[in-house]
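Working through the structure, step by step
Each chain is listed here by its residues.
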Amino acid sequence: MRTFSQAFQEEFRDLLKWRRDVRRFRTDPVPENLLAEALDAFRLAPSVGLSEPWRIVRVESPQARAAALANFEVANADALATYDGADADTYASLKLSGMREAPVQLAVFCDETGLKGKGLGRATMPEMLRYSVVSALTLFWLEARAKGLGMGWVSVLDPDKLTRDLDVPADWAFVAYLCVGWPETVDETPELEQLGWEDRSTALEVLER
């Protein structure tokens, strides 16, 4: 069995700590070969029945980016309206998207009707397809960070409208909108924690039955 050195294990732990959701990007372009190497992590990801259900759309055109940004702005305003008092003030101060600056933007979908994998593992838990996409996203996130890139996952969006605006097949389920690029700053403490929105748990609770 392959084992890894203590030094590697410590560096990997550091990578996990420094993998932060990035919303503040420099506009410098990302070299295509570097992006391709990071995206190759998708091919190494686990997937139910080896279905590989991830579908990646590179959002490049001004029209597509403008539609995605407008989608975020409407959803963000709606979300702000659900808070009041100090929470509303804090929410309004949060930067929840790097969509104006990030040089690379990707929309990731799950193909829920693909034949690859022959249905293995999906009859009882069809949601495993989307879980597989999230697993692949996590590997991509770590690979990108290891190369010095930052990634931000924008979730304040209307999935159905984004799917229509990007004109993808109707049987693709939206999973993530990703902003990728060079971070303005790098910090191992999440911005939401820095701004007092929420604290990270100090211990993991594991139940026994």
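Here, every reference points to the structure presented above.
From a predicted model like this one, the values you see are computed outputs, not experimental measurements.

A large share of strand S3 (residues 150–154) lies buried, amounting to four of its five residues. Both S3 and strand S4 (residues 172–181) contribute to a ladder of five bridges, which runs antiparallel. Looking at S4, one finds that Val154 is bridged to Tyr177.

On to the packing of aromatic side chains. The final tally for this structure, using the stated rule, is 10 aromatic pairs. One Lys or Arg, Arg19, reaches over the ring of Trp141 and ends 4.4 Å from the middle of that ring.

In this structure, Glu52 takes a positive phi of about 45 degrees despite not being glycine. Positionally, Glu52 belongs in the loop between helix H2 (32–39) and strand S1 (54–58). For Glu52, a relative accessible area of 28% gives the class partly exposed.

With that settled, consider the packing of helix H1 (residues 6–18) against helix H5 (residues 128–146). Contact geometry of H1 with H5 gives a least axis separation of 10 Å together with a crossing angle of 105 degrees. As summarised for this structure, H1 and H5 are arranged roughly perpendicular, according to the angle between their axes. Two secondary-structure elements touch here, H1 through Leu15, Leu16 and Trp18 and H5 through Leu142, Arg145 and Ala146.

Turning our eyes to something else, we now look at a nonpolar patch on the surface. Residues Phe4, Phe8, Phe12 and Leu16 make up a contiguous nonpolar surface patch of roughly 360 Å² in combined accessible area. Take Phe12: it is sitting in helix H1.

Calculation criteria
- Residues numbered from 1 in each chain as written.
- Predicted model: local features only at pLDDT ≥ 70, side-chain atom pairs only at ≥ 80, totals over all residues.
- Heavy atoms only, no water.
- Buried < 20%, exposed > 50% of the residue type's maximum accessible area, 1.4 Å probe, protein only.
- Helix = DSSP H or I, 4+ residues; strand = E, 2+ residues; numbered from the N terminus.
- Pairing = 2+ DSSP bridges.
- Phe/Tyr/Trp six-rings, centres within 6.5 Å; stacked < 30°, edge-to-face > 60°.
- Lys NZ or Arg CZ within 6 Å of the ring centre and 35° of its normal.
- Axes fitted to C-alpha atoms, helices over the stretch in contact; angles between N-to-C directions.
- Parallel < 35°, antiparallel > 145°, perpendicular 65-115°, else oblique.
- Contact = heavy atoms within 4.5 Å.
- Patch = residues over 30% accessible without salt bridge, like charges linked within 9 Å, V, L, I, M, F, W, Y side chains within 5 Å.
- Areas by Shrake-Rupley, 256 points an atom, 1.4 Å probe, with all protein chains shown as cover.
- Salt bridge = Lys/Arg side-chain N within 4 Å of Asp/Glu carboxyl O.

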